[in-house]
Amino acid sequence: GENVEQHPSTLSVQEGDSAVIKCTYSDSASNYFPWYKQELGKRPQLIIDIRSNVGEKKDQRIAVTLNKTAKHFSLHITETQPEDSAVYFCAPKGNSGGYQKVTFGTGTKLQVIP
Amino acid sequence: GAVVSQHPSWVICKSGTSVKIECRSLDFQATTMFWYRQFPKQSLMLMATSNEGSKATYEQGVEKDKFLINHASLTLSTLTVTSAHPEDSSFYICSARRLAGGAYEQYFGPGTRLTVT
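Only a predicted model underlies this, so the values are computations on that prediction, with no experimental measurement involved.

Let's talk about the pattern of salt bridges
Residues and elements named next belong to chain A.
Phase 1 of the analysis: For the structure on display, the rule yields six salt bridges over all chains.
Phase 2 of the analysis: A salt bridge links Lys37 to Glu39, with the shortest nitrogen-to-oxygen separation between them at 3.8 Å.
Phase 3 of the analysis: Judged by its relative accessible area of 35%, Glu39 falls in the partly exposed class.
Phase 4 of the analysis: Between Asp84 and Arg61 there is a salt bridge; the shortest N-O distance is 2.9 Å. In this pair, Asp84 is assigned in the loop between β8 (72–77) and β9 (86–90) and Arg61 in the loop between β6 (56–59) and β7 (62–67), connecting sequence segments 23 residues apart.
Phase 5 of the analysis: What emerges from the salt-bridge pattern is a single network uniting Lys37, Glu39 and Lys42.

Written out as structure tokens, the structure is:
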């Protein structure tokens, strides 16, 4: 199956600084690369995604970059705010076993210090 | 659009009893739904893929006789935890897949917190 890892596992930044979270995956057939934000006790919320034919996508303060050759993609948050504090998961979609399957990364706990 | 609901949001049951959790896609049809389990401070672990009108596909290590999944319609999938034990206490989250713009997107339910005493 797909191996998905995130780094770092925890990240503390000062408000206004940038945060970068990296996700590495093993399935070279993966073709969809989303990032989810999960606040404590709540459902994961899709915040940005990218597909395999695009290298970078930006939505206001959030961006995702993809390097398919190296099999990793990253979440970039600029001008961080306290409400960005949450756990972030990557969840690349592969084609393991003949059917499309999403595997969640290990998660990164982001703390934005006011 | 793309709202997924779960019921109940939390449940406490005694060891040995069964609990049923419902997952509904409210404004779209979902031929495929997924069930995840999440322990505190851990990631979401896929338990099974639920396909409408056919048997669910379980991930390795998940007991299909213990976690019964029924995808009765295009908007409803249920997960029944049979003979629950304290170690089954967890946050169970479903998601429904929708085809949008030529690609599949996944939407999550709010989760069900199960506590087995």
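Moving on from the model shown.
Remarks on the nonpolar core
All names here are of chain B.
Phase 1 of the analysis: Core analysis: the largest hydrophobic core is formed by 26 residues, its most contacted members being Val4, Phe28, Trp35, Phe67, Leu79, Tyr92 and Leu114.
Phase 2 of the analysis: Of all the elements in the fold, those that place two or more residues in this core are β2 (10–13), β3 (19–25), β4 (32–38), β5 (44–51), β7 (67–73), β8 (76–81), β9 (90–100) and β11 (112–116).
Phase 3 of the analysis: If we ignore the near neighbours within four places in the chain, the residues touching Phe28 are Ala2, Val3, Val4, Leu74, Thr75, Ala96, Arg97, Arg98 and Tyr107.

Quick word on the state of the cysteines
All names here are of chain A.
Phase 1 of the analysis: One pass over the structure, following the stated rule, counts two disulfides over all chains.
Phase 2 of the analysis: The side chain of Cys23 participates in a disulfide bridge whose partner is Cys90; the two sulfur atoms lie 2.1 Å from each other. Taking the sign of the S-S torsion, about 65 degrees here, the bridge from Cys23 to Cys90 comes out right-handed. A residue pair is termed long-range when its members are at least 10 positions apart, and Cys23 in strand β3 (residues 19–25) and Cys90 in strand β9 qualify at 67 residues.

What counts and how
Residues numbered from 1 in each chain as written. Chains lettered and ligands numbered in written order. Predicted model: local features only at pLDDT ≥ 70, side-chain atom pairs only at ≥ 80, totals over all residues. Heavy atoms only, no water. Salt bridge = Lys/Arg side-chain N within 4 Å of Asp/Glu carboxyl O. Buried < 20%, exposed > 50% of the residue type's maximum accessible area, 1.4 Å probe, protein only. Helix = DSSP H or I, 4+ residues; strand = E, 2+ residues; numbered from the N terminus. Core = buried A, V, L, I, M, F, W, Y, C linked by side-chain atoms within 4.5 Å. Contact = heavy atoms within 4.5 Å. Disulfide = S-S within 2.5 Å.

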